[in-house]
Amino acid sequence: MQLEKYSRLIQAGQIITSELNVDALFDVISDQTGKILDVERCSIFLVDENEQNLCSFVAADMESDQIQFSTDQGIAGWVFCNKTPQVVNNAYADPRFYREVDKKTGFRTVNILCVPLVGHRRNCIGTMQVLNKKGGDFTEDDVDILTYMASYVTVALENSFLYEELKETDRARQKVVNHLSHELRTPLSILASVLTRFADTAHDHDLTHLIKTIERGRRCIVRLNHIQEKVEDIVGRKIVDCEKQYMRIFEDLISLVEETGEDTTIQCGPVAEQVINRIKSILKFEPERIETIRVDLFLKNIYKHALEMIRERRLKVSLAIEDGLYIKMDGNVLKKIGDGLLKNAIENTPDEGTIKLKAWATADDIFLEFQDCGVGIT
């Protein structure tokens with residue numbers, strides 16, 4: 001009989017951990033637990049963001065989110081705070097029992113078995129409890145079974161919450177990329193029209209040198225349109241196959257040959273060398289090179305770069321760097337990060353604003369901060 005019960009427990013665990021949908025998960029947990037332990041009710045209480053209240057999300061024949069109470073109330077609150085299972089076979093005789101729940105729901109609690117839900121970081125995310133065992137009192141075997149069940153439930157809950165977060169992130173990503181795609185489409189259409197009119201005018205007046213320049217611009221517009229199409233591919237989760245990637249490389253090479261071929265001073269040898277160098281730049285993969293970087297020198301170079309970039313702007317740049325700071329990492333990676341943050345700060349800071357470059361250390365970490373006076377993004 002006991003072997004059969006544990007076999008059903010393993011099957012229930014497989015069913016529970018395979019469910020990612022939060023709403024469906026609660027029903028699955030309640031159903032599977034009720035069958036194995038033969039109880040009248042199963043509930044799960046999860047702690048809120050402030051870790052001050054326990055909220056009921058699972059309770060058979062009760063609406064979701066109906067019960068909420070402080071973490072220092074009830075058997076569930078005691079189990080949450082102490083991370084220790086509790087068996088109470090006479091609920092109303094236990095001073096920890098929170099009678100308000102029965103008053104609110106109209107349910108009469110006889111006995112309780114409650115266990116903590118401990119996450120993979122050893123943090124307690126809530127409690128799981130069953131009420132009113134149909135065959136009498138709860139036993140230590142019941143504690144073992146519900147504890148095993150709680151481990152499955154905790155994994156399933158953490159997976160489902162992570163899955164929901166990923167879906168939210170994915171939806172946000174799609175909105176952002178959709179917006180970028182839309183923003184690219186309009187100016188590219190206008191630029192293409194303007195260049196077409198310029199080309200027509202240049203042909204009418206036989207302006208050969210201007211025609212070549214316009215054609216180069218039109219090729220760039222075509223390439224930008226390809227980028228815009230790639231953005232739409234990202235939104236639609238389309239996979240760019242190898243053929244398209246190779247076509248893009250060949251288009252780059254053709255464009256380079258055409259551009260360099262317009263200069264009569266360049267011979268075939270130099271053109272071929274430039275084409276080879278372009279191939280290398282397209283396909284190059286730089287290995288990671290760890291080096292010791294002086295933070296003050298790094299930020300001072302960034303500072304000089306900032307002064308060059310804001311030469312025509314009424315912006316201020318300030319430095320605040322602790323002495324003796326060193327970082328070990330790939331210098332090229334750090335430079336790209338710094339240049340990107342600086343460019344973003346300058347572009348989003350209005351005139352008369354200030355950009356601050358800071359560096360400081362704690363006992364364990366070194367912090368580099370780029371602060372601007374822009375409006376920011378949500």
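In case you missed it, the structure is sitting above this.
Parameters at a glance
- Residues numbered from 1 in each chain as written.
- Predicted model: local features only at pLDDT ≥ 70, side-chain atom pairs only at ≥ 80, totals over all residues.
- Heavy atoms only, no water.
- Helix = DSSP H or I, 4+ residues; strand = E, 2+ residues; numbered from the N terminus.
- Buried < 20%, exposed > 50% of the residue type's maximum accessible area, 1.4 Å probe, protein only.
- Core = buried A, V, L, I, M, F, W, Y, C linked by side-chain atoms within 4.5 Å.
- Contact = heavy atoms within 4.5 Å.
- Pairing = 2+ DSSP bridges.
- Axes fitted to C-alpha atoms, helices over the stretch in contact; angles between N-to-C directions.
- Polar contact = N/O pair within 3.5 Å; in protein donor to acceptor, adjacent residues only side chain to side chain.
- Salt bridge = Lys/Arg side-chain N within 4 Å of Asp/Glu carboxyl O.
- Patch = residues over 30% accessible without salt bridge, like charges linked within 9 Å, V, L, I, M, F, W, Y side chains within 5 Å.
- Areas by Shrake-Rupley, 256 points an atom, 1.4 Å probe, with all protein chains shown as cover.

A. Structural detail: the environment of Phe 198. Examined against the element boundaries, Phe 198 turns out to sit in helix 5 (residues 140–204). Here Phe 198 falls in the partly exposed class, since its relative accessible area comes to 47%. Remark: the alpha-carbon pair of Phe 198 and Leu 210, spanning 12 residues in sequence, is separated by 8.8 Å.

B. Expanded view of the nonpolar core. Core analysis: the largest hydrophobic core is formed by 26 residues, its most contacted members being Leu 117, Met 128, Val 153 and Leu 157. For this core, the element with the most residues is helix 5, which contributes eight residues. With near-sequence residues (within four places) excluded, Leu 157 lies in contact with Leu 25, Phe 26, Ile 44, Leu 46, Leu 117 and Ile 125.

C. Quick peek at the sheet that holds strand 11 (residues 366–371). Across the sheet, three strands lie side by side as 8-10-11; this open sheet has mixed pairing. A strand with exactly one partner marks an edge of an open sheet, and here the two such strands are strand 8 (316–321) and strand 11. Here the average twist between neighbouring strands, direction ignored, is 5 degrees. Relative to strand 10 (residues 354–361), strand 8 runs parallel, the two being bridged by six bridges. Bridge pairing links Leu 319 to Leu 357 in strand 10. Helix-sheet contacts for helix 9 (residues 295–309) involve strand 8, strand 10 and strand 11, and the interaxial angle to strand 8 is about 180 degrees. Across the sheet, helix 10 (residues 331–347) lies against strand 10 and strand 11, angled at about 30 degrees from strand 11, the strand it touches most.

D. Structural detail: the side chain of Asp 94. You can see Asp 94 is positioned in the loop between strand 4 (86–88) and helix 4 (100–105). Classification of Asp 94 as buried rests on a relative accessible area of 15%. A polar side-chain atom of Asp 94 sits 2.9 Å from the main-chain amide nitrogen of Arg 96. Leaving out residues up to four positions away in the same chain, Asp 94 has contacts with Ile 75 and Val 88.

E. How the structure looks around the pattern of salt bridges. Going through the model one piece at a time under the given rule, you end up with eight salt bridges. Residues Lys 35 and Asp 31 are paired through a salt bridge, measuring 3.3 Å at the closest nitrogen-oxygen approach. Of this pair, Lys 35 and Asp 31 both sit in helix 2 (residues 22–37), four residues apart, which is roughly one turn of the helix. Given a relative accessible area of 37%, Asp 31 falls into the partly exposed group.

F. Summary view of the environment of Asp 72. Here Asp 72 is to be found in the loop between strand 3 (68–70) and helix 3 (74–82). In this structure the C-alpha to C-alpha distance between Asp 72 and Leu 54, which are 18 residues apart in sequence, comes to 9.3 Å. A distance of 2.6 Å separates polar atoms of two side chains, one belonging to Asp 72 and the other to Ser 70.

G. The arrangement of a nonpolar patch on the surface in detail. On the surface, Val 333, Ile 337 and Leu 341 cluster together to form a nonpolar patch covering roughly 230 Å² of accessible area. Topologically, Ile 337 is positioned in helix 10.

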